[in-house]
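Geometric and topological summary
Residues per chain, in single letters:
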There are 2 protein chains.
Amino acid sequence: MTTNDRPRRGPGRPAKSEAGDTKAALVDAALRLFAQNGFAGTSIRAIAREVGLSESALYAHFPSKKAIHEAAMRVAGPLVAVVALEETPAGAGPAEFIRAFTDRVVTAWDTPRARQAIGLAVRDGLIHDDGLKEGIDGALRGLAGVFARWIEEGRIRDDLGSPEDLAYALLAPIAHARLMGLHGEATAGQRGDARRRMTAHAELFARAVTVPPSGGDR
Amino acid sequence: MTTNDRPRRGPGRPAKSEAGDTKAALVDAALRLFAQNGFAGTSIRAIAREVGLSESALYAHFPSKKAIHEAAMRVAGPLVAVVALEETPAGAGPAEFIRAFTDRVVTAWDTPRARQAIGLAVRDGLIHDDGLKEGIDGALRGLAGVFARWIEEGRIRDDLGSPEDLAYALLAPIAHARLMGLHGEATAGQRGDARRRMTAHAELFARAVTVPPSGGDR
DNA sequence: ATTATCTATAGATCTATAGATAATGC
DNA sequence: ATTATCTATAGATCTATAGATAATGC
């Protein structure tokens, strides 16, 4: 179970040589355990032991259990992919953009940190948190803005639904695959499945929204 | 907080008049609390108190905390919507079928029981459970079968992706909306948003997959 | 003196059990 | 006698604090 099993220290300040970044190690262990077992299911004892410390050493770094949970959430970082949207060059055509955007999201979400972060969010009800909801809505609006321009320019179909609905049709399946397959406890196989599902959906979506070559039945 | 506040009983067997179905009331309270706070975040004390009992009265009905959690999961019932698929008449056209199927799923998922069930699944990691994954895959396969037939018959587009990918493109956004908006703590407004999102997506999907009227640009 | 650890412990809370008590149904 | 409740309590575990100890950096 214990990923990080440094030897238990003796009393007193540790020698310079063996004095690692304890605080960072604690946050790391906390992130992992909270994501796995939730807030109530994780004791500060378990966190301290994972790093090879006594419980009270933890209290020298964080004033309370809540504080270390908050620290873990901070390093987990933002859960949504607004950044990926801003970073994707919109110059290319719709299909290329959709592919590039999805690739960025998939890469960002398949890091160990991001996988633990989503576990944390799911376990402790943050998935029903207003902050997360606003983040998602922001990402949807950003994507909808891009789609709205393309609809105006006649580069994607205007008869399917609102730009917002289109954005949802692209993003939701990707987000769903993340929840099901890019979490902290996912095996390499599950992660591969999730990534394939994401890119496959992006391709399907790109084909569905781009204006079909007009004329000629069959 | 307490939804069910019957008066606390005295010692001894309660009179027939005030002897409700305690076991059912316990499971009900347990489902609500486990969904809200997770397994570790819910004490048997809290469950008993919610029903107006002492902790030990609970142990007369269930041998352990785990047992009452399992009972709660059983009444929560299956999480996925294979039933909805079987119940939807496939005789109608693709668009009608997609609409009818989605309506059934939405209705099934917006019951208080189903909303608590999804909270339970999310909170205690069942979302990453193999059983649930198999249920989802089963629903996807069933839907994919319907789509495969329609593709053969030329009633929906064959150039978007595999029947499985199509099934995912329809189901995942609906499942995602459920997670975000049809859970135990969702307000009426959030639930309405989620339902609208589901039906809007079904409409978009139906338009995207049906074969476009051929011929004539613009 | 400060920092980072330890041991020991207080006080709360948690699961579970033992034994008492009172209504029910035979 | 059985059933459904209670009170009391054991024993484990949890968060948090107090005070000791030893290395560091001035």
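Summarised in this report is the structure supplied together with it.

What counts, and where the lines are drawn
Residues numbered from 1 in each chain as written. Chains lettered and ligands numbered in written order. Predicted model: local features only at pLDDT ≥ 70, side-chain atom pairs only at ≥ 80, totals over all residues. Heavy atoms only, no water. Contact = heavy atoms within 4.5 Å. Buried area = accessible area lost by both parts, 1.4 Å probe. Salt bridge = Lys/Arg side-chain N within 4 Å of Asp/Glu carboxyl O. Polar contact = N/O pair within 3.5 Å; in protein donor to acceptor, adjacent residues only side chain to side chain. Helix = DSSP H or I, 4+ residues; strand = E, 2+ residues; numbered from the N terminus. Near = heavy atom within 4 Å. Expected span 1.5 Å × (residues − 1). Buried < 20%, exposed > 50% of the residue type's maximum accessible area, 1.4 Å probe, protein only. Axes fitted to C-alpha atoms, helices over the stretch in contact; angles between N-to-C directions. Parallel < 35°, antiparallel > 145°, perpendicular 65-115°, else oblique. Left-handed = near helix turned anticlockwise from the far one by under 90°.

For the rest of this paragraph, the subject is the interface of chain A and chain B. The interface of chain A with chain B comprises 40 residues on the first partner and 40 residues on the second. Both sides of the chain A and chain B interface together cover about 3,700 Å² of buried area, and 62% of this is carbon and sulfur. Its largest share of buried area at the contact with chain B, chain A owes to A:H128, A:Y168 and A:R197, together 18% of the area lost on that side. In this structure, the connection of chain A to chain B is made through 2 salt bridges. The partner of A:E164 in a salt bridge is B:R197, with the nearest N and O atoms 2.9 Å apart. Applying the counting rule to chain A against chain B returns 14 residue pairs in polar contact (both at pLDDT 80 or more). Looking at the side of chain A that touches chain B, the elements with two or more residues in it are α7 (112-123), α8 (130-152), α9 (163-181) and α10 (188-209) of chain A.

Glancing now at the protein's contact with DNA strand D. Around DNA strand D sit 28 residues, and of these A:R45, A:Y59, B:S54, B:S56 and B:H61 come closest. Backbone atoms, meaning sugar and phosphate, make up 60% of the atoms of DNA strand D lying within 4 Å of the protein. Interatomic distance of 2.6 Å between a side-chain N/O atom of A:Y59 and a phosphate oxygen of DNA strand D. B:T22 places a side-chain nitrogen or oxygen 3.1 Å from a phosphate oxygen of DNA strand D. Every element with two or more residues in the surface near DNA strand D is listed here: α2 (44-51) and α3 (55-61) of chain A together with α3 (55-61) of chain B. Counting residues per element, the surface near DNA strand D draws most heavily on α3(B), which supplies 4 residues.

Attention now goes to helix α10 (residues 188-209) of chain B. Side chains three or four residues apart in an α-helix point the same way, a direct result of the helix having 3.6 residues per turn. Between its first and last C-alpha, α10(B) extends 32 Å over 22 residues, near the 32 Å set by a 1.5 Å rise per residue. Buried residues of α10(B): B:G192, B:A194, B:M198, B:H201, B:A202, B:L204, B:F205, B:A206, B:A208 and B:V209, and no others. Packed against the buried residues of α10(B) are α9 and α10 of chain A together with α6 (94-109), α8 (130-152) and α9 (163-181) of chain B.

The next thing to look at is the side chain of B:R115. All names here are of chain B. Topologically, R115 is positioned in helix α7 (residues 112-123). Overall, the relative accessible area of 11% leaves R115 in the buried class. Residues within four places of R115 in sequence aside, it is in contact with W109, D110, L182, H183, G184 and R191.

All names here are of chain B. Relative to each other, α6 and α9 sit at 25°, their axes nearing to 11 Å. Comparing the axis directions of α6 and α9 gives the class roughly parallel. Note on packing geometry: the crossing formed by α6 with α9 is right-handed. On the side of α6, the interface is formed by I98, F101, T102, V105 and W109, while α9 contributes L170, L171, I174, A175 and R178.

So yeah, pure geometry; function would need other evidence.
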